[in-house]
Amino acid sequence: MPGVPHKGWWCIGLKDLKGLFGICEMCETQSIRYVHYMEHPDYPDVLGAGSVCAGHMEGDYAAPQQREKQAISLAARRSRWMNTKWRQSAKGNPYLNRSGFNIVLYPSGRHWAFRIERRNSGQSWRRAGYATIDDAKLAAFERFTKLQQ
C-alpha cells in the first residue's frame, strides 16, 4: 500500500492466536498463527504481521522465528507448570521449590493467593484475589517467569 514503509520497523509484541486465525496486515494475504506487532516511527498504526513479513519489515529474518520459538517454549513450560504435582506444606498449602524460589498457593478469604520467596535472601512477592487455585497457579507462573529473567 502507498504510504506504508517496508523497512525500519521493530517488534513491540507477539501474540499466539492458537491457530491460523489471523491475516497478516502487511501483505494482507498470509494466514498467520503468531502475530508480530510491528511499529514504525513514520507510520501512525501498529501492524500485526506474520513472521515472513515481520522479518522483511525489521530487516532481520531470524528474529521473528526466534520470538516464535520462545513463545512455543513458554507455552510448553506453562502447560507443564499447570500439570505439575504440587507438594503440600505443613499448613496444607500447595507449594513448589524451583530454581532457588519457594512458591506457595494459599486461600485468602474466598479467593486464592500466591507467595514467591527467593530462598537465599528471603525477598518475597505476594498477590491475592484469584477466583480459583488454577488462576493463582497461572499468575504465580507469570511472576516466577519474570523473576527468573
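Details of the structure are given in the entry above.
Given the structure is predicted, the values throughout are model-derived calculations rather than measurements. (Residues numbered from 1 in each chain as written. Predicted model: local features only at pLDDT ≥ 70, side-chain atom pairs only at ≥ 80, totals over all residues. Heavy atoms only, no water.)

## Topic: the nonpolar core
- Among the nonpolar cores identified, the biggest contains 15 residues, and Trp81, Phe101, Ile103 and Ile116 are the most heavily contacted of them.
- Contributions of two or more residues to this core are made by strand E8 (101-108), strand E9 (111-118) and helix H3 (133-148).
- Broken down by element, this core gets its largest block of residues, six residues, from H3.
- Each residue touching Ile116, except ones within four places of it in the same chain, is listed here: Phe101, Asn102, Ile103, Gln123, Ser124, Trp125, Ala140, Arg143, Phe144 and Leu147.
- One finds Val4, Trp9, Val35 and Met38 within the second-largest nonpolar core, a separate group that totals 14 residues. (Core = buried A, V, L, I, M, F, W, Y, C linked by side-chain atoms within 4.5 Å. Buried < 20%, exposed > 50% of the residue type's maximum accessible area, 1.4 Å probe, protein only. Helix = DSSP H or I, 4+ residues; strand = E, 2+ residues; numbered from the N terminus. Contact = heavy atoms within 4.5 Å.)

## Things to note about the sheet that holds strand E5 (residues 47-49)
- As summarised here, the arrangement of the three strands in space is E1-E4-E5, forming an open sheet in which the pairing is antiparallel. Among the strands making up the open sheet, the edge pair consists of strand E1 (10-16) and E5. Neighbour-to-neighbour, the strand axes of this sheet turn through a mean angle of 30 degrees, independent of strand direction.
- As judged from the six bridges shared by E1 and strand E4 (residues 34-39), these two strands associate in the antiparallel manner. Across the sheet, Lys15 pairs through a bridge with Val35, a residue of E4.
- Contacting E1 and E4, helix H2 (residues 62-83) runs over the sheet at an angle of about 130 degrees to E4. (Pairing = 2+ DSSP bridges. Axes fitted to C-alpha atoms, helices over the stretch in contact; angles between N-to-C directions.)

## Some points on the packing of aromatic side chains
- A full pass over the atoms with the stated rule returns seven aromatic pairs.
- Consider the rings of Trp9 and Tyr43, whose centres lie 5.6 Å apart with planes at 55 degrees: the pair is tilted. Separated by 34 residues along the polypeptide, Trp9 in the segment before E1 and Tyr43 in the loop between E4 and E5 bring together distant segments of the chain.
- You can call Trp9 buried: its relative accessible area is 4%.
- Looking at Tyr43, the relative accessible area reads 17%, which means it is buried.
- With centroids separated by 5.5 Å and ring planes inclined at 85 degrees, the aromatic side chains of Phe101 and Phe144 adopt a geometry described as edge-to-face. Of this pair, Phe101 sits in strand E8 while Phe144 sits in helix H3, and the two are 43 residues apart along the sequence. For the pair Phe101 and Phe144, a shared accessibility class is recorded, and that class is buried.
- In textbook terms, an aromatic cluster arises when at least three aromatic residues are bridged by ring pairs, as seen for Trp81, Trp86, Phe101, Trp125, Phe141 and Phe144. (Phe/Tyr/Trp six-rings, centres within 6.5 Å; stacked < 30°, edge-to-face > 60°.)

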